[in-house]
Amino acid sequence: MIFREVEDPDLIAKARRGDVEAYNLLVSRWEKRVFNYLLRLVSNREDAMDVSQEVFLKAYQSLPKLDDPARFSGWLFRIAHNEAFSLLRRRRPETELAGEPRPPELSPRMLPMELSLTVESALNRLSADQREAVLLKVYQGFKFDEMAEILECPVSTVKSRLYTALDLLKVTLAPMQKEILRGES
Amino acid sequence: MNCISPDAKPDWKAYLLGELNPEVSRQAETHLAACSICHEEVATLRVTLDTLSTLREEEVPRRIAFVSDKVFEPRWWQRVFSPTFAAGALVAAAILIHGSMRPGQAQVDAAVNKAISQVEARHTQEMEVLSDLIEQRDKQVANMYLSNAALVR
């Protein structure tokens, strides 16, 4: 292939040799995914932005320690996970006082934006561990064993968190979606 | 056909999330086609996952500062240990320490007078050396004239 895209491991190798532009390209490839993962996890845009910044800074500084460049995505998300949970631990009392927001009223005529807000609200009602399992699997597409590496826990724990989360989400979201589908037909 | 025991039931979440290997996945599909309970469960899970996929992906509100930006510049302690910064910091510290000692006016005057007399002494010494050099050169020039005059004669 003539116009073959440069692969991440090639960019990592260049960045390790001090090629700043190669790292810039890596950041531009991954910033949206990392930001969205953090946004859903910490539920605050400014915090998600600050943590994203910190993640890419730490990744740059730790790049020489990355054993296998082919596993860059999992390694990057492990840094993101550590940074996000560090923030969540610091602000836990404040979050508990704030309480959980109520989901919007369900309606068969929901607009895509409202539906998205309902999903966001349903995700926010999960525990941080459960929410993170959904984010990594459903939105980031990691395999169970990759998630176990990111979260530094056994695959059985990953599955337990994810399956519990899906059971809870099923109770909230499935009846609503079925209602919407019925309203459309 | 319905599930006889929970153990015989396929892992439908793993199935829908693409975590089953092809062989197990095929067996699960065979089971699904014949089991109304599992059919309902899979339908509900599928709807849940479809609904989750409606979550909008947000744009990054501002660009991540790249490595060429300020945030990636050396930290303060890294700059402190650079030779240029360290030399400047040493001078600044000396001025600050000197300033913080707050000497009396008499001490200041004495220090100034001492510095002036040292400079004057050095200046006088340099002038004497210069004067000696000029005197020696004048003698050399005079001798050259006398030699040249003798040759002409």
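On a predicted model such as this, the values are computed, not experimentally measured, just so you know.

### With respect to the overall build of chain A
- When helices and strands are tallied, chain A shows nine helices and zero strands.
- For chain A, the sequential pattern of α-helices and β-strands runs α-α-α-α-α-α-α-α-α.
- Out of the 185 residues in chain A, the part that is buried amounts to 34%.
- Contacts in chain A between residues far apart in sequence, at least 24 positions, make up 61% of those at least 6 positions apart.

### Structural notes on the overall build of chain B
- From N to C terminus, chain B includes six helices and zero strands.
- Starting at the N terminus and ending at the C terminus, chain B contains elements arranged as α-α-α-α-α-α.

### Focus on the interface of chain B and chain A
- Taken together, the contact pairs 26 residues of chain B with 33 residues of chain A.
- Considering every element that reaches the side of chain B that touches chain A, the biggest residue donor is helix 3 (residues 36-52) of chain B, with eight residues.

### Notes on the nonpolar core
Residues and elements named next belong to chain A.
- Among the nonpolar cores identified, the biggest contains 50 residues, and Val34, Leu38, Leu76 and Ala80 are the most heavily contacted of them.
- Mapped onto the domain boundaries, this core takes at least three residues apiece from domain 1 (1-99) and domain 2 (104-185).
- Excluding its chain neighbours within four sequence positions, the residues that come into contact with Leu76 are Trp30, Val34 and Ala59.

### Observations regarding the environment of Val27 of chain A
- Residue placement: Val27 of chain A occurs in helix 2 (residues 20-42).
- In this structure the C-alpha to C-alpha distance between Val27 of chain A and Leu57 of chain A, which are 30 residues apart in sequence, comes to 9.9 Å.

### Here we look at the environment of Leu66 of chain A
Residues and elements named next belong to chain A.
- Within the secondary structure layout, Leu66 lies in the loop between helix 3 (45-62) and helix 4 (72-90).
- Residue Leu66 is classed as partly exposed on the basis of its 17 C-beta neighbours within 10 Å.
- The spacing of Leu66 and Ile12 is 54 residues in sequence and 9.3 Å in space, taken between C-alpha atoms.

### Structural notes on the packing of helix 3 of chain A against helix 4 of chain A
Residue and element names in this part refer to chain A.
- Contact geometry of helix 3 with helix 4 gives a least axis separation of 9 Å together with a crossing angle of 135°. One way to sum up the angle between helix 3 and helix 4 is to call them oblique. Considering only the axes of helix 3 and helix 4, their crossing is right-handed. Where helix 3 abuts helix 4, its residues Asp47, Val51, Glu54, Val55, Lys58 and Ala59 lie against Leu76, Ile79, Ala80, Glu83, Ala84 and Leu87.
- When the residues that make up the contact of helix 3 with helix 4 are grouped by side-chain class, the tally is eight nonpolar, no polar and four charged.

### Concerning the confidence of the model for chain A
- For chain A, the mean per-residue pLDDT works out to 87, and 82% of the residues sit at or above 70.
- Below pLDDT 50 for its whole length, residues 96-101 of chain A participates in four contacts with residues either more than four positions away or in separate chains.

About the thresholds
Residues numbered from 1 in each chain as written. Chains lettered and ligands numbered in written order. Predicted model: local features only at pLDDT ≥ 70, side-chain atom pairs only at ≥ 80, totals over all residues. Helix = DSSP H or I, 4+ residues; strand = E, 2+ residues; numbered from the N terminus. Buried ≥ 20, exposed ≤ 12 C-beta atoms within 10 Å, placed from the backbone. Contact = placed C-beta atoms within 7 Å. Core = buried A, V, L, I, M, F, W, Y, C linked by C-beta atoms within 7 Å. Domains from an automatic or database assignment. Axes fitted to C-alpha atoms, helices over the stretch in contact; angles between N-to-C directions. Parallel < 35°, antiparallel > 145°, perpendicular 65-115°, else oblique. Left-handed = near helix turned anticlockwise from the far one by under 90°. Nonpolar A, V, L, I, M, F, W, Y, C, P; charged D, E, K, R; others polar. pLDDT = per-residue confidence, 0-100.

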